[in-house]
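What follows is each chain in one-letter form.
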Amino acid sequence: MSAASNSLDQTNPEAARALQIVESMPGFAWSANAAGQFTYVSPSALAFLGNARDDLNTPEGEDEFGWRRVVHPDDYDRVAARWRHCLKTGDHYDTEHRLRRADGVYRWFRNSGRPARDSQGRITEWYGTTIEIEEQKQAETALRDRERELSQLVDMVPSHLWRLTPEGRPIFFNKRMVEFLGMDVADIDRPGMSPLEAVIDSVIHPDDAPSMKAALDRSLATGEPFAMRYRLRRADGVYHWMSSRAEPLRDHAGRIVQWYGLCHDIDEQVKAEEGLRESERMLRQLIETLPALLYCAAPDGKPIYRSRQLSEFLGFGLDDKDEAGKPRLASTLDAIIHPDDLATVQERYGHSLATGEPYALKHRLRRFDGEYRWVETRAAPMRDADGTIVQWNGVCLDIDGEVRARQELQFAQERLTRASQAAGLAELSASIAHEVNQPLAAIVANSHACHRWLSAEPANIERAKITAERIIRDANSAADVVSRIRALFKQSTDARTVTPFDSVIAETRELLADEAAQRRVRMDIDIAADLPPVAVDRVQIQQVLINLIRNGMDAMDSLTSERVLRLRVHQADDVVRTEISDIGPGIELPEKMFEPFFTTKEHGMGMGLAICRSIVESHDGRLWAERNDPCGAMFIFTLPARVSV
Amino acid sequence: MWRDVHLHVASKGKRMMTADQIVFIVDDDARLREALGELLASHGMQAVTFASAGDYMAADKPDVPACLILDVELPDINGFDLQGQIAQSDHPPIIFLTGHGDIPSSVRAIKHGAVDFLTKPVNETDIMAAINAAIDHDRDIRSRRAELGVLRQRYRDLTPREREVLPLVVSGLLNKQAAAELGISEVTLQIHRRNVMQKMKAASLADLVRIAGQLEIPITYSRRPKGSRV
């Protein structure tokens, strides 16, 4: 019965009404005497706790409160201390703690009590309420947990977070930032500077500070997001590259409430980029300083890069020769390739571009000053993982010096050969001319003198006779020269050796390869297998070959179409037959041209073919000319085959 | 020194040895030397032949109008080099005669002062015309050289003061101006001037000006007032 358990007078209607109000209110109500012993506990509370009121009071002779059993052990000491204090002092009692429900579950409550006093001010009674705040408490805890997590997040993210007021005053650095800088927002203070200026001055690299300040000021003024890279000073004084961004937080009205900033350490990235740039620079420098002319072209051959050396060599840029309606490759080749080499370059380069085969060609390249230099160009395709050509990379090596040196060397070799064998045709012709000319000059002068002595009045017969004798002498001497030349080609049978003829041809071909390339003559050589050896003076027969091949090249000089010189060697009965044919304009007088001093050339002594025939005949062979089919001339010579050695 | 140097003279030798003109021939071919000498002899001209440039350089040459027929190909130095070596001294006009003449070498020879460039074999008309022209040319040079020698001697005979007066007079300065220039009286200047005219054998002032030109006496004074100098 409640009357038994509570000391309130229920007979009084007003009191009964008051009790009803108290007991029907949410929450628990209680009263206690000045000693702290409960005089009333609302039934709902007792029901909640599953205890009788007296269970809550302190038994006689015990120190601890009876409600110890229902208050959470972790809260008890605190709550008890407070209650004792309030009982003693009369201070308002106000505390939060957990109470054990009848089923053993603890719930949070807020407990408040006020003392009532008599006219002398003595505490007569305590009145209090106990209201469940479990949900509130849980919400608070959850909030605290979230805040803690958030704060942990803020401190743990591997970035610097910071906050500014709309005016730009720094108000927060996260923990990492504080650790990095070695100071917190509050630590940075510079007399005469705004807080922001002070921060910038203290921690931003002096080279970056002005631009950083300017960018930040602009963002603060306009509300535009801020983003830049700068170097930030670490506590140990080392600057690190940072990538920083900040954006404003706005309220409903669009006013900026705060700036949130984030910056993260990109030092390693920047250093790696620098390293990459440095290695790129090194590579570029390597390319630019290599003593070679380098270029790159698109898969279709369009030039897309030139090394500095090549640009300087050519004297114009990639697109300087661009013409409307004409591919850059064509206009570039027209501008830089020697006209005589252009067709070959176009054909070969086109072939490489079409097939992907590497390209290599020696040709002349026009330098900025108009001089053509011999270069060797090589290009190879660069392919992607699928094997598709993505680019052509090429190099031109200046081989002008080499080519000229080789030409010099060859000239020197030829001179040497001539000197030792006296068989160099041009010089031989000149020397024959000189040998014949000297006696002729004397004969002419003597003839004039003779004529004069005879024409004198009176005629000086004595002197005329003397001069006539000299004329006879000198004329014989001229005839001697001619027979000496004949002898020259007959005497050297000792020098003959049995030689595989194909090696003689191969040597000759090598000797003339460059000249043929320069004169754009394709040498088409066909040597039958199993040729019998021949007994020849190697140098003389080579001179015959060289002379006949050059004749053929000369004959095709005026051709604009392809120049082909065909050399065919095969055995016919007991001779080795060599045919040298060109596709020039052909010959009018096949026999006459073997006569000495017959020439159709502007600069020629007309001795070449005569001497060739004399050499071949001295080898017991024959040399003659025929018309080539369908056009041009064919020179044929035979040498007796040596069947057995 | 006269080894391999031959004199070609007409039959009545002694008279011709004292000929008043001479043709030098340098050619390494003995037959041609002989034949050219014979041809010249048939024209009554004296020739002296040499087999090399060195022989020609070493020889004593009579001081008479002459010309030099020079082959390009010589055993020691070639004809062009010999031409270069003698270019600075008084030498007879050169006719080149070569077995293989080409345009560049003929241009080079003429540019360096040769009077002709002929090729072997050469016909009589061409070589004789060239020789006669060359000798005439040499005679002309010699007479001018001689006249200049006389003038130089006369100039050397002037007193130092007269040599100062000469350029002032030929510059066209008035006696008064010339006297002032030298700081002497006009009368004294007139005496010097008369002596200069006499010693230089100048018939007139115009003649003296011509002589000064030949002697290449610089005209350093102007009659114009200094302010109007151009």
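Refer to the preceding data block for the structure.
Just so it is clear, the model here is predicted, and its values are computed rather than measured. (Residues numbered from 1 in each chain as written. Chains lettered and ligands numbered in written order. Predicted model: local features only at pLDDT ≥ 70, side-chain atom pairs only at ≥ 80, totals over all residues.)

**Looking at the interface of chain A and chain B**
Here's step 1: Listed as interface residues are 18 residues of chain A and, on the opposing side, 16 residues of chain B.
Here's step 2: Listed by contribution, the elements that provide at least two residues to the side of chain A that touches chain B are helix H15 (425-455) and helix H16 (461-488) of chain A.
Here's step 3: For the side of chain A that touches chain B, the element with the most residues is H15 of chain A, which contributes 14 residues. (Contact = placed C-beta atoms within 7 Å. Helix = DSSP H or I, 4+ residues; strand = E, 2+ residues; numbered from the N terminus.)

**Remarks on helix H13 (residues 339-355) of chain A**
All names here are of chain A.
Here's step 1: If you check H13, its first and last C-alpha atoms are 25 Å apart, about what 17 residues at 1.5 Å a residue would give, namely 24 Å.
Here's step 2: Those residues of H13 that fall on the buried side of the exposure criterion are Asp 341, Tyr 349, Ser 352 and Leu 353.
Here's step 3: Summarising the contacts, the buried residues of H13 are in contact with strand S13 (359-366) and strand S14 (372-383).
Here's step 4: Just downstream of H13 lies Gly 356, where phi reads positive at about 80°. (Expected span 1.5 Å × (residues − 1). Buried ≥ 20, exposed ≤ 12 C-beta atoms within 10 Å, placed from the backbone.)

**Details of the sheet that holds strand S22 (residues 633-640) of chain A**
All names here are of chain A.
Here's step 1: Strands sit in the order S17-S19-S20-S22-S21 across an open sheet of 5 strands; the sheet is mixed. Because the sheet does not close on itself, it has two edges, and the strands there are strand S17 (521-527) and strand S21 (622-627). Across the sheet, the axes of successive neighbouring strands diverge by a mean angle of 15°, strand direction being ignored.
Here's step 2: As paired elements, S17 and strand S19 (residues 563-572) share 7 bridges and run parallel to each other. Each residue of the ladder has a partner; that of Arg 522, found in S19, is Val 564. (Pairing = 2+ DSSP bridges. Axes fitted to C-alpha atoms, helices over the stretch in contact; angles between N-to-C directions.)

**Some thoughts on the nonpolar core**
Here's step 1: In terms of nonpolar packing, the biggest core is built from 47 residues, with Val 23, Phe 24, Ile 69 and Ile 95 of chain B touching the most fellow members.
Here's step 2: Of all the secondary structure elements, the ones that give two or more residues to this core are H15 of chain A together with strand S2 (22-26), helix H2 (30-42), strand S3 (47-50), helix H3 (53-58), strand S4 (66-70), strand S5 (94-98) and helix H6 (124-157) of chain B.
Here's step 3: Among the elements that take part in this core, H15 of chain A stands out by supplying 8 residues, more than any other.
Here's step 4: Residues in contact with Ile 69 of chain B, not counting those within four places in the same chain, are Val 23, Phe 24, Ile 25, Leu 36, Ile 95 and Leu 97 of chain B. (Core = buried A, V, L, I, M, F, W, Y, C linked by C-beta atoms within 7 Å.)

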